[in-house]
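Below, each chain spelled out in residue letters.
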Amino acid sequence: MVLAQLNYLYGKPTTKGQYKQQYEDFNVTEDLGFELTGEGEHVLVFLQKRDCNTIFVAEQLAKYVGISTKLVSYAGLKDRQAVTEQWFSLHMPGQQTPDFSAFNLAGCKILKVTRHNKKLKIGALKGNYFKIILKSLNSQSEIESKLALIKQHGVPNYFGEQRFGRDENNITQAIKWANGEISVKDRKKRSFYLSAARSAIFNNIVSQRITQSLHQTVLNGDILQLAHRGSWFIAQAGELVQLQMRLEQGEINITAPMVGDSPLGTLFDALEFEQKCLESWSEFNDLFKKERVATARRSILLRAEQLNWQWLDEHSLELNFYLPSGCYATSVIRELIIENE
C-alpha cells in the first residue's frame with residue numbers, strides 16, 4: 001500500500017508491460033566515481049553476478065581467501081534478480097593479492113582485481129548505470145511521450161520497494177515498534193525499520209507536492225539543493241522569481257525531509273506544508289527522538305542522466321540511463337508501465 005498510493009508525475013500509465021522476466025532484462029553496473037590507487041591494504045574485486053545475493057557473494061569471497069566475512073565490504077546491495085557488476089573490498093594487510101582463477105561460484109564472474117588504500121564503505125559510490133528491457137508492451141505512443149517528459153523533467157525521487165522489504169514488512173514492523181507493540185533489539189532490524197519509516201514519510205511528502213502541483217514550484221522557505229552538488233540553501237521571499245527560473249533550468253532541486261529528531265530546516269510556507277504532511281505520521285516522533293536519527297534532505301525529483309532508448313521490436317524496449325547513488329530505477333519504470341501480473 002505504501003507505494004501503490006503514491007501519485008504519478010505524468011498520470012497513471014495505461015500501458016501494460018513486464019520487466020525482469022529474465023535476469024538479463026535488468027542490468028546494473030556500479031560507478032564508484034573515484035580512481036582506485038592500485039596499492040594498499042585492501043584487495044578490490046570487480047565481479048559480475050547473476051541470480052546472486054550481494055551478502056552471499058561477499059561470504060563466498062571471504063571463504064575463498066580465508067578471511068572473516070567482517071573483513072569484506074561493498075558500496076551497496078545489488079538486486080539478486082538481475083545481472084549486476086559491483087566492487088567488493090577485502091581487507092588483507094600484509095598479504096599478497098590472491099589468485100582468483102580458481103574461484104568458482106555459479107552465476108559469478110570476476111572481471112577485475114586491484115588494490116586500494118581504503119575500505120569500501122556502504123554508500124561510497126557515485127551512482128549506477130542501468131540497462132533495462134521492458135517487454136510485452138501494448139502501446140508505443142504512450143511510452144514515447146512519457147519518455148520525452150521524463151528526459152526533460154525527471155520522475156518522483158521515490159524510494160523503491162526494496163526499501164520496505166517483502167510485502168512492505170519493514171514499514172509494518174516500524175509502525176508496530178513506534179506504537180510500542182514490539183521491541184526491536186537486533187541492530188540491523190532497527191536500521192531497516194527506521195529507514196523504511198523515514199523513506200515512507202519522504203515518499204508521502206513528495207506525493208503530496210505532486211497532488212498540489214508544488215513539485216515544480218519554489219515555496220518561500222524551501223530548502224533547495226544545487227544540482228549535482230551537495231550544497232543546500234533556503235529560498236528567500238525576495239528571490240522566488242529568480243529561483244523559480246533556476247529550478248526550471250535544472251540548476252537547483254527542491255528537497256523534502258528524511259525526518260529525524262532535529263528540525264526540518266524549512267521556513268515559512270515550506271515549513272507549514274511539511275508540518276501538515278507530517279501530521280499523519282506523528283506516531284514516529286518519539287521513536288526518532290529516542291533513536292537519535294538525524295534529519296536529512298533529499299531531492300524530490302530525479303533526473304535520469306544519459307537517458308536513451310531503442311525499440312527492439314514492436315513490444316520490447318531497451319532503456320539505458322544513469323542514476324546517482326541511492327536512487328531507484330523502479331521510479332523511472334513506474335511512470336512508464338503498469339506491470340502485468
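Calculation rules
- Each chain carries its own residue numbering, running from 1 in the written order of its sequence.
- Per-residue local features of the predicted model are confined to residues with pLDDT of at least 70, and side-chain atom pairs are confined, for both listing and counting, to 80 or more; whole-chain, interface and lining totals are unaffected and use all residues.
- Derived side-chain values reflect all non-hydrogen atoms in the structure, with water molecules and hydrogen atoms excluded from consideration.
- Secondary structure elements follow DSSP: runs of H or I no shorter than four residues count as helices, runs of E no shorter than two count as strands, and numbering proceeds from the N terminus.
- In this description the radius of gyration comes from C-alpha coordinates, and the expected globular size is given by 2.2 Å times residues to the power 0.38.
- For each residue, the accessible area found with a 1.4 Å probe, counting protein chains only, is set against the maximum for its type, and the residue is called buried under 20%, exposed over 50%, and partly exposed in between.
- Here the axes come from fitting lines to C-alpha atoms, over the contacting stretch only for helices, and the angles between their N-to-C directions go from 0 to 180 degrees.
- Orientation categories follow fixed angle ranges, with anything under 35 degrees roughly parallel, anything over 145 roughly antiparallel, 65 to 115 roughly perpendicular, and all other angles oblique.
- Crossings are assigned a handedness: left-handed for a near helix turned anticlockwise from the far helix by less than a right angle, right-handed for a clockwise turn.
- It only takes one pair of heavy atoms within 4.5 Å for two residues to be counted as in contact.
- Under this grouping Gly is polar, as are all residues other than the nonpolar Ala, Val, Leu, Ile, Met, Phe, Trp, Tyr, Cys and Pro and the charged Asp, Glu, Lys and Arg.
- Arc definition: it is the arc formed by the directions from the helix axis to the C-beta atoms.
- Here the expected length of a helix is defined as 1.5 Å per residue gap, with one fewer gap than residues.

Digging into the overall build of the chain
When helices and strands are tallied, the chain shows 8 helices and 16 strands. Relative to the 2.2 N^0.38 estimate, which gives 20 Å for 341 residues, the radius of gyration of the chain is 21 Å and therefore close to what a compact globule would have. For the chain, the C-alpha atoms occupy an extent of roughly 60 × 55 × 40 Å along the three principal directions. Burial analysis of the chain (341 residues in total) assigns 49% to the buried set.

A few points about the environment of Gln-225
Tracing the sequence through the fold places Gln-225 in strand β9 (residues 223–226). Judged by its relative accessible area of 14%, Gln-225 falls in the buried class. The sequence separation of Gln-225 and Ala-237 amounts to 12 residues, and the corresponding C-alpha distance is 17 Å.

Thoughts on the packing of helix α4 (residues 187–211) against helix α6 (residues 268–278)
Between α4 and α6, whose axes approach to 10 Å, the crossing angle comes to 120 degrees. When the interaxial angle is binned, α4 and α6 end up oblique. Along this stretch, α4 crosses α6, giving a crossing that reads as right-handed. When α4 is examined against α6, the residues Ile-201, Asn-204, Ile-205, Gln-208 and Arg-209 are found in contact with a partner set consisting of Phe-273, Cys-277 and Leu-278. In terms of residue class, the contact of α4 with α6 is made up of 5 nonpolar, 2 polar and 1 charged.

Regarding helix α5 (residues 240–248)
Here α5 has its buried residues at Leu-243, Gln-244 and Leu-247. Seen from one end, α5 has its buried residues packed into an arc of 105 degrees, which puts them on one side. Seen from the open side of α5, the exposed residues pointing more than 90 degrees away from its buried face are Val-241 and Gln-242. Of the surrounding elements, those touching the buried residues of α5 are β9, β10 (232–234) and β11 (252–258). Two residues or fewer after α5 comes Gly-250, characterised by a positive phi angle close to 80 degrees.

Looking at helix α2 (residues 140–153)
End to end, α2 covers 20 Å across 14 residues, agreeing with the expected 20 Å (1.5 Å per residue, within 8%). Taken as a whole, α2 has its buried residues at Glu-142, Ile-143, Lys-146, Leu-147 and Ile-150. With its buried residues spanning 130 degrees around the axis, α2 presents them on a single face. Away from its buried face, by an angle of more than 90 degrees, α2 presents the exposed residues Ser-141 and Gln-152. As for α2, its buried residues are in contact with β8 (155–156), β14 (305–313), β15 (316–324) and α8 (329–334). Just past α2, the residue Gly-154 takes up positive phi, approximately 90 degrees.

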